[in-house]
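# Residue-level structure breakdown
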Amino acid sequence: MPEVGESVSVASGDQSQDPDEQETPRECPVCGAVWKKKEPTLGQVRRAIQEVFSGFKVEVKALDAAALLGYRGSVAAGVVGNRNKPHYGYEPDIRGECGTKYDIDGFLISKKLFDTLPKDDKGRCWGSRDRNLRALQSSLRRALTGRAELTHMKNEFGFRVWHPRDQNYVTQHGAIIVIW
Ligand SMILES: [Zn+2]
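Residues numbered from 1 in each chain as written. Predicted model: local features only at pLDDT ≥ 70, side-chain atom pairs only at ≥ 80, totals over all residues.

### Quick look at the overall build of the protein chain
Helix and strand counts for the protein chain stand at seven helices and seven strands. The order of helices and strands in the protein chain, counted from the N terminus, is α-β-β-α-α-β-α-β-α-β-α-β-α-β. When burial is assessed residue by residue, the protein chain has 25% of its 180 residues classed as buried. Long-range pairs, those at least 24 residues apart, make up 70% of the contacts in the protein chain with a sequence separation of at least 6. (Helix = DSSP H or I, 4+ residues; strand = E, 2+ residues; numbered from the N terminus. Buried ≥ 20, exposed ≤ 12 C-beta atoms within 10 Å, placed from the backbone. Contact = placed C-beta atoms within 7 Å.)

Below is the structure:
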């Protein structure tokens, strides 16, 4: 009768017996890239964003105590929602296997900021149009791109500032609000 240690080492060394190890590699149905990685998961990516955003609560509330900060887009929704992108309808490329990168589409909902900041010619208000918001955007971008889970995001981050009357529109399609 083999000793316990011996028996275990034989079983773990013989991986051809493990049906999981013989799994056929999956392929991206859009670009044909081979998907081998299992991490980061969408949950890990969302947790990293949640942690980064949460770390800026004091800064956000200093701009407007009633402000909400969150993000929308493919990571929040779990699928690429832009019909013009080839990977429309599929999970964003969070493991970097399709080489498409993804962005984190931030938003700030604040009547105070929306009412006081300049708008573009379509009446939209962007974080890049204000010095304090630009500083906040840069700090968030640095913190996000510094996270190992977010290695495959684009090296950019910005947010649009919305009036609270548009909150239902902004938060449809799985948007995630991190700071209330
Ligand atoms: Zn692909």
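### Some thoughts on the sheet that holds strand S5 (residues 125-126)
The strand order S5-S6-S4-S3-S7 describes an open sheet built from five strands, whose pairing is mixed. The sheet terminates laterally at S5 and strand S7 (176-179), the two strands that pair on one side only. Pairing between strand S3 (residues 68-72) and S7: three bridges, direction antiparallel. Paired with leucine 69 across the two strands is isoleucine 179, which belongs to S7. (Pairing = 2+ DSSP bridges.)

### Details of the pairing of strand S6 (residues 158-162)
Inspection of the sheet shows strand S4 (residues 105-109) paired to S6 by five bridges, in the parallel sense. Directly across from phenylalanine 107, in S6, lies its bridge partner arginine 160.

### Some details on the confidence of the model for the protein chain
Segments scoring low in pLDDT should not have their predicted coordinates read at a detailed level. Per-residue confidence for the protein chain averages 89 on the pLDDT scale, and 87% of its residues sit at or above 70. The least confident element of the protein chain is helix H1 (residues 4-13), whose mean pLDDT is 44; the most confident is helix H2 (residues 42-54), at 98. pLDDT under 50 marks residues 2-15. Its contacts with residues more than four places away, or in other chains, come to two contacts. (pLDDT = per-residue confidence, 0-100.)

### Observations concerning H2
The end-to-end C-alpha distance of H2, which contains 13 residues, comes to 18 Å, matching closely the 18 Å that a straight helix rising 1.5 Å per residue would cover. Taken as a whole, H2 has its buried residues at Val45, Ala48, Ile49, Val52 and Phe53. The buried side chains of H2 occupy one side of the element, clustering within an arc of 130 degrees when seen end-on. Away from its buried face, by an angle of more than 90 degrees, H2 presents the exposed residues Gly43 and Ser54. Close packing links the buried residues of H2 with S3, helix H4 (74-77), helix H6 (131-145) and S7. (Expected span 1.5 Å × (residues − 1). Arc of directions from axis to C-beta.)

### Some points on the nonpolar core
With 30 residues, the main nonpolar core has Ile49, Ile104, Leu108, Leu144 and Val161 as its most contacted residues. Within the residue set of this core, elements represented by two or more residues are H2, S3, H4, S4, helix H5 (111-116), H6 and S6. Sort the elements by how many residues they give to this core and H2 lands first, with five residues. Excluding residues that lie within four positions of it along the chain, leucine 108 makes contacts with Ala67, Leu69, Leu113, Gly127, Phe159 and Val161. (Core = buried A, V, L, I, M, F, W, Y, C linked by C-beta atoms within 7 Å.)

### A look at the environment of proline 86
By the secondary structure assignment, proline 86 is in the loop between H4 and S4. C-alpha separation for the pair proline 86 and cysteine 31, spaced 55 residues apart in sequence, amounts to 8.4 Å.

### Some remarks on the environment of cysteine 31
Along the chain, the position of cysteine 31 falls in the loop between strand S1 (26-27) and strand S2 (34-35). With 67 residues separating them along the chain, cysteine 31 and cysteine 98 place their C-alpha atoms 7.0 Å apart. Apart from residues lying up to four places away in sequence, cysteine 31 is in contact with Pro86 and Cys98.

### Considering H6
Over its 15 residues, H6 runs 21 Å from end to end, which matches the ideal 21 Å to within 8%, given 1.5 Å per residue. Within the sequence span of H6, burial applies to Leu133, Leu136, Gln137, Leu140 and Leu144. Down the axis of H6, the sector holding all buried residues measures 100 degrees, keeping them to one side. What points out from H6, more than 90 degrees from its buried face, is the exposed set Arg131, Ala135 and Arg142. Those residues of H6 that are buried are in contact with H2, helix H3 (57-63) and S6.

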